[in-house]
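What follows is each chain in one-letter form.
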Amino acid sequence: MSQSIMSQSILQTLSVHLGTAFSAINLPAEYGRVTISDKSAPFQCNGAMAAAKLAKKSPRDIAALIVQRLAGNTDIALAEIAGPGFINLTPSDILLKSRIDDLAVDARVGAIKADVLEKIVVDFGGANVAKPMHVGHLRSAVIGEALKRLLRFRGHTVIGDVHLGDWGLQMGHLISELQEEQPDLIYFDAGVKNGYPEDSPVTMTDMSRLYPQASAKSKNDPERLKKSQIATAELQAGRPGYRALLEHFIRVSIEYLKKGYGELGVEYDLWKGEASVDPLIGGMIDAMKAQGITEESDGALIIPVDDNYDMEKRKGIPPVMLRARTGAVLYHTTDLATLLDRKNEINPDLILYVVDQRQATHFEQVFRAAVKAGWYKRTQLEHLGFGTVNGKDGKPFTTRAGGVLKLSDLTEMMRTAAAERLEKSGIGQDFGSVERADIANKVGMAALKFADLQNQRTTNYVFDVERFVSFEGKTGPYLLYAAVRIKSLLRKASKAGVEPGEIIPLHQAEQRLVLTLDGFNRALASAEAKRMPHILCDHVYTLAQAFSKFYADCPVLADDVPNDLKSSRLALAALTLRQLELGLNLLGIETPERM
RNA sequence: GGUCCCGUAGCUCAGGUGGAUAGAGCGCAAGAUUCCUAAUCUUGAGGCCGGUGGUUCGAGUCCACCCGGGAUCACCA
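Residues numbered from 1 in each chain as written. Chains lettered and ligands numbered in written order. Predicted model: local features only at pLDDT ≥ 70, side-chain atom pairs only at ≥ 80, totals over all residues. Heavy atoms only, no water.

**What about the overall build of chain A?**
Secondary structure assignment for chain A yields 20 helices and 13 strands. C-alpha atoms of chain A, sized along the principal axes, occupy 90 × 70 × 45 Å. Expressed as a percentage of the 595 residues in chain A, the buried residues total 51%. Counting only contacts in chain A whose residues sit at least 6 apart along the sequence, the fraction spanning at least 24 positions is 75%. (Helix = DSSP H or I, 4+ residues; strand = E, 2+ residues; numbered from the N terminus. Buried < 20%, exposed > 50% of the residue type's maximum accessible area, 1.4 Å probe, protein only. Contact = heavy atoms within 4.5 Å.)

**Side note on unusual backbone geometry**
Backbone geometry places Arg314, a non-glycine residue, at a positive phi of 55 degrees. With respect to the helices and strands, the residue Arg314 is situated in the loop between strand S8 (300–303) and strand S9 (320–323). Given a relative accessible area of 76%, Arg314 falls into the exposed group. Phi at Phe471 is positive, roughly 60 degrees, even though this residue is not glycine. What makes Phe471 buried here is its relative accessible area of 10%.

**Some details on the protein's contact with RNA strand B**
Close to RNA strand B lie 70 residues; Phe86, Asn88, Met311, Ala324 and Tyr481 are nearest. Considering the 4 Å shell around the protein, atoms of RNA strand B inside it are sugar or phosphate in 60% of instances. A distance of 2.8 Å separates a phosphate oxygen of RNA strand B from a polar side-chain atom of Arg485. Met595 is positioned with one of its backbone polar atoms (N or O) 2.8 Å from a base nitrogen of RNA strand B. Going through the elements one at a time, helix H2 (47–55), strand S4 (86–91), S8, helix H13 (407–425), strand S13 (461–462), helix H16 (476–496) and helix H19 (533–553) are the ones with two or more residues in the surface near RNA strand B. The greatest single-element share of the surface near RNA strand B, amounting to eight residues, is contributed by H16. The residue makeup of the surface near RNA strand B, split by class, is 33 nonpolar, 19 polar and 18 charged. (Near = heavy atom within 4 Å. Polar contact = N/O pair within 3.5 Å; in protein donor to acceptor, adjacent residues only side chain to side chain. Nonpolar A, V, L, I, M, F, W, Y, C, P; charged D, E, K, R; others polar.)

**So, the sheet that holds strand S5 (residues 119–124)**
With parallel pairing, the four strands of this open sheet are ordered in space as S6-S5-S10-S11. Each end of this open sheet is capped by a strand with a single partner; those strands are strand S6 (157–161) and strand S11 (381–384). Averaged over all neighbouring strand pairs, the angle between strand axes comes to 20 degrees, with direction disregarded. Bridge count between strand S10 (residues 350–354) and S11: four bridges; the pairing is parallel. The partner of Ile351 across the bridge, within S11, is Leu381. (Pairing = 2+ DSSP bridges. Axes fitted to C-alpha atoms, helices over the stretch in contact; angles between N-to-C directions.)

**Things to note about the sheet that holds S9**
Taking strand neighbours across the sheet as the criterion, the three strands line up as S7-S8-S9 in an open arrangement whose pairing is antiparallel. Looking at the sheet topology across the chains shown, the edges are occupied by strand S7 (295–297) and S9. Averaged over all pairs of adjacent strands, the angle between strand axes in this sheet comes to 45 degrees, irrespective of strand direction. Pairing of S7 with S8, which is carried by three bridges, proceeds in the antiparallel orientation. Paired with Glu296 across the two strands is Leu301, which belongs to S8. Running at roughly 120 degrees to S9, helix H10 (residues 278–291) makes contact with S8 and S9 of the sheet.

**Comments concerning the nonpolar core**
Grouped together as the largest cluster of nonpolar side chains are 183 residues, with contacts concentrated most on Phe249, Leu336, Leu339 and Trp375. If sequence neighbours within four positions are ignored, Trp375 has contacts with Met284, Met288, Leu336, Leu339, Leu340, Lys343 and Ala370. (Core = buried A, V, L, I, M, F, W, Y, C linked by side-chain atoms within 4.5 Å.)

**Here we look at the domain arrangement of chain A**
Taken domain by domain, chain A holds domain 1 (5–91), domain 2 (139–384) and domain 3 (407–586). Between the C-alpha centres of domain 1 and domain 3 the distance comes to 34 Å. (Domains from an automatic or database assignment.)

**Considerations on the pattern of salt bridges**
Summed over the entire model, instances satisfying the criterion amount to 34 salt bridges. With its nearest N and O atoms 2.9 Å apart, the salt bridge here joins Arg239 to Glu234. When its relative accessible area of 21% is taken as the criterion, Arg239 is described as partly exposed. It is possible to trace a salt-bridge network through shared partners that takes in Glu177, Glu180, Lys217, Arg224 and Lys227. (Salt bridge = Lys/Arg side-chain N within 4 Å of Asp/Glu carboxyl O.)

**Some points on the packing of aromatic side chains**
Scanning the entire structure with this criterion turns up 13 aromatic pairs. A ring pair is formed by Tyr268 and Trp271, whose centres lie 5.3 Å apart and whose planes are at 70 degrees; its orientation type is edge-to-face. Judged by relative accessible area, Trp271 falls into the partly exposed class, the value being 22%. Between Phe363 and Phe367, the ring centres sit 5.7 Å apart and the planes meet at 40 degrees, which makes this aromatic pair tilted. With Phe363 and Phe367 both in helix H12 (residues 360–372) and four residues apart, this pair spans about one turn of that helix. Look at Phe363 and you get buried, because its relative accessible area is 2%. Ring pairs connect the aromatic residues Phe124, Tyr261, Tyr268 and Trp271, which therefore count as one cluster. In this structure, Arg239 is placed above the aromatic ring of Tyr242, and the distance from its NZ or CZ to the ring centre is 4.3 Å. When the ring centre of Tyr376 is taken as origin, the NZ or CZ atom of Lys343, which lies over that ring, is 5.5 Å away. (Phe/Tyr/Trp six-rings, centres within 6.5 Å; stacked < 30°, edge-to-face > 60°. Lys NZ or Arg CZ within 6 Å of the ring centre and 35° of its normal.)

**Side note on the packing of H2 against helix H3 (residues 59–70)**
The relative placement of two packed helices is expressed as an angle between their axes plus a distance between the axes. The interhelical angle for the contact between H2 and H3, taken along N-to-C directions, is 110 degrees, at an axis separation of 8 Å. The orientation of H2 relative to H3 falls into the category roughly perpendicular. Listed contacts from H3 to Ala48, Met49, Ala51, Ala52 and Ala55 of H2 are Pro59, Ile62 and Ala63. Taken together, the residues that form the contact of H2 with H3 break down as eight nonpolar, no polar and no charged. (Parallel < 35°, antiparallel > 145°, perpendicular 65-115°, else oblique.)

**With respect to the pairing of S8**
A two-sided burial pattern is seen for S8, the buried positions comprising Ala300 and Ile302 on one face and Leu301 and Ile303 on the other. Following S7, the chain reverses through two residues before pairing antiparallel with S8; Asp298 in that reversal takes a positive phi of roughly 55 degrees.

**Remarks on the side chain of Ser228**
Tracing the backbone through its elements, the reader meets Ser228 in helix H8 (residues 222–237). Beyond its immediate stretch of four places on either side in the chain, Ser228 contacts Leu169, Gly172, His173, Ser176 and Ser218.

**As for the confidence of the model for chain A**
Confidence in the prediction of chain A, expressed as mean pLDDT, is 92, and 97% of residues score 70 or more. With pLDDT under 50 throughout, residues 1–6 is counted as low confidence; its partners more than four residues away or in other chains account for eight contacts. (pLDDT = per-residue confidence, 0-100.)

Written out as structure tokens, the structure reads:
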């Protein structure tokens, strides 16, 4: 379906009119750009002041000429000059009506696709093999999923990849610690080359015990650390027993992670990891050497990425470490091999990494090396960093005991709080236990995700459990509540035989709701451009607010409301629900039928 | 020391590409339900936008320099 510029949005339509008016007095149409206003009218144009110098006229004179040109325009109810030359604009009822008619029949409720459609890899999640998911994994999963859905909805081809951490020292820790506990396992018999059992020798619980155990021992015991390092090197060199173990570790972990991510509504297209690109590393390093972009330094193989780097003074960006003195391959190397793999297998236009802001330097290094190798342009690679989740003390979030908070404990906390709130309100008493649990889950997850996503991505935020479970104000449950009220209204209307009809926005609250609905596409486009889900959060919240106001001011099914008004308001409510649920879905938030 | 991020209401945060009297939520004060879910709505108090200069008709927004907080800086991932 092709959409004319005129119907893209009310704001766009007004901009075209103002642009035409500026052109008519021989000034660039760009000065006609209209913006949202929080003053006396819903929109304003500030171009008269900007144009003053060029036109050699006073801003107010220019504004007067523009306003003259707009006289008789059926899309504009009122154009007023204010202050030094602001033009305040009120759209006409005709324009509101025509726009809401367009939205009502649009399956995407006003959202149009991006101009340029790209193939995009979103690398998010950041989970590691053998480690339980904890609070630190929350943001990458939630933000990454939202971006993935947003970009896909905007028309792009999007591939989500979890990119598991399964190749480093942690694997050596795990293998060597398992050997200390169960030295007789067949995997440790260097003479055996194949025919290993199909069932894993360890469970997820075992692994989450073994790893910290080994890590703790190694901290104070260089000999123990050495064992892990040797195991790592042997694994990477391809020792069959260790590779067989790794496969078990990965399989068991993925099964566990799928559950954990599933709880958050997070899904991946690819479950690749560092280990999966191992076969590329040898050839990649040879090719890089042949290109002449590598150097030997202190026994390690590096790629300098900053001409002004000075190791003594710690100035500039350190080089990429392709291979350590020990011969082991590092984080840099696997990330580069992954970039090569993606180039070969997917050839994406853009790769987005949704990873902790603290790794900014790492990505800058890797990206520069990938550019040096000629695989990508710098603009094709973006690190979308995010801040840490902090406790009330401003330090990264921990449990009361000071330990790491498991993600499953966190989600359980949210569900319990939601269930309690449900009980307290006394509404869900006639619901079955299955539905109550489902509602508690959706409310809890909505609270958790919205609390995370509404923060600007790049900054740290404070995780305040009490605030999160309060469920009032700018929260996920507020949004669900708005949606659920509409659903309830629709059910009641259907019972009463009231059909949605033509929308005629007359009441101030109705008009405000229409103007808010009109902003959906703008929010989506802006959220995409900045890769910032909180812009979409802002929109759905404003929408829920505008609806709540409408709901309080404009009775729909009351006896004294005329039939056509009932139908109009019902249709407006139904339209609001469609956009609200769509927006929430893009944020990864599900709506219950009632709550 | 180098690089990056941050500093806006008592608290947690927005601020659409430089515009008028800087906005939300929580908290505080006061109010609203004969009527579609009060997890709601309305009203109010609360600000030298870290500081000083600069660019501009106009700066929370752009530039420079300070002050304060955080992250990170080659063989962990």
